[in-house]
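Analysis of the macromolecular model
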Amino acid sequence: MAELLTLARPYAKAAFAYATEQNATDDWSNALQVLSAAVQDEAFSAYLNRPELTPVEQVGVFAKILGEQPSAAVSNFLTLLADNGRLALLPEIEAEYEQLKSQNNNTVDVIIESAFPLDSVQEQKLAHALEKRFNSSVKVTVEVNPALIAGVVIRAGDQVIDDSALSKLEKMRTRLLA
C-alpha cells in the first residue's frame, strides 16, 4: 500500500498543481473519482489489462467512461499513466489528490468509528474539538463499529486517535502476557 502511494503521489501532485493553476480542481476531482471507480471494477480492470490493448486504446476506453469528451489535459494525464503502465494507480492518485485539495482548502476529512451511533450533539462536540486540534475545518463521517465495544477511533489522514475499549483491552492483554 505504501509503495503504491509513493508511486501515485507525484502524479497526484502534478494533477493538483495543474488543476489549481487552471481553476479546475473540482472538474479534476470529479474526473478522478469516475476513473478511480472504473479501475476498481473487476470486469473493467480485466478488460483494460488485456495485452492487446495499446495505451492509446486504453485512454479511449476511459474517454468513453467519462461520457463527454475529456479535456485535453485529462487525456494527456491518462496517456502519461497508460504509457508508464500506471493506470492501476488511479485510486491512490485520486485519494492523494483529494487530500491535497483538502489541505489547500484548509479542511480535514475525519472518519469517526464509534461503537454506538452518535447523536448530533455528540458529533458536533467531537467536530468542534477536532477543529481546534487540527486548526482547520473538519468534514466528519461517522461509522458504527460494534466490535469496538465502547469508545471511538478517529482517523484524520495519517493520524489515528484510538480511544476504544477494544484497544484498551488489547493493551491490557499484551501487558499481562509480557
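Structural data are supplied above this passage.
The structure displayed is predicted, hence computed values, not measured ones.

**Description of the packing of helix H2 (residues 25–40) against helix H5 (residues 72–83)**
Close contact between H2 and H5 brings their axes to 11 Å; oriented N to C, the two are set at 40°. The orientation of H2 with respect to H5, classified from their angle, is oblique. As for the relative orientation of H2 and H5, their crossing is right-handed in sense. Facing Trp-28, Leu-32 and Leu-35 of H2, the residues of H5 in contact are Ala-73, Val-74, Phe-77 and Leu-78. Within the contact of H2 with H5, the residues separate by chemical class into seven nonpolar, no polar and no charged.

**So, the side chain of Glu-92**
On the secondary structure map, Glu-92 appears in helix H6 (residues 90–104). Apart from the residues within four sequence positions on either side, Glu-92 is in contact with Leu-4, Leu-5 and Ala-8.

**Examining helix H7 (residues 120–134)**
Its 15 residues give H7 an end-to-end C-alpha distance of 21 Å, which sits within 8% of 21 Å, the value for a rise of 1.5 Å per residue. Looking at the buried residues of H7, the elements they touch are strand E1 (107–114), strand E2 (137–144), strand E3 (151–156) and strand E4 (159–164). One side-chain oxygen at the N-terminal end of H7 lies 3.1 Å from the backbone nitrogen of Val-121; it belongs to Asp-119. Just downstream of H7 lies Asn-135, where phi reads positive at about 55°.

**Considerations on the nonpolar core**
One finds Trp-28, Phe-62, Leu-90 and Ile-93 to be the most contacted residues of the largest nonpolar core, which totals 31 residues. The contacts of Leu-90, once residues within four sequence positions are left out, are Leu-32, Leu-35, Ser-36, Val-39, Phe-62, Leu-78 and Leu-81. If you look at the next biggest cluster of nonpolar residues, it comprises 10 residues, including Val-108, Val-110, Ile-112 and Val-138.

**Describing the pairing of E2**
Bridge count for E1 against E2 is eight bridges, and the pairing is parallel. When the bridges of E2 are listed, Val-108 appears paired with Val-138. Taken together, E1, H7 and E2 constitute a β-α-β crossover, and its handedness is right-handed.

Calculation rules
Residues numbered from 1 in each chain as written. Predicted model: local features only at pLDDT ≥ 70, side-chain atom pairs only at ≥ 80, totals over all residues. Heavy atoms only, no water. Axes fitted to C-alpha atoms, helices over the stretch in contact; angles between N-to-C directions. Helix = DSSP H or I, 4+ residues; strand = E, 2+ residues; numbered from the N terminus. Parallel < 35°, antiparallel > 145°, perpendicular 65-115°, else oblique. Left-handed = near helix turned anticlockwise from the far one by under 90°. Contact = heavy atoms within 4.5 Å. Nonpolar A, V, L, I, M, F, W, Y, C, P; charged D, E, K, R; others polar. Expected span 1.5 Å × (residues − 1). Polar contact = N/O pair within 3.5 Å; in protein donor to acceptor, adjacent residues only side chain to side chain. Core = buried A, V, L, I, M, F, W, Y, C linked by side-chain atoms within 4.5 Å. Buried < 20%, exposed > 50% of the residue type's maximum accessible area, 1.4 Å probe, protein only. Pairing = 2+ DSSP bridges. Right-handed = clockwise from strand over helix to strand, strands pointing away.

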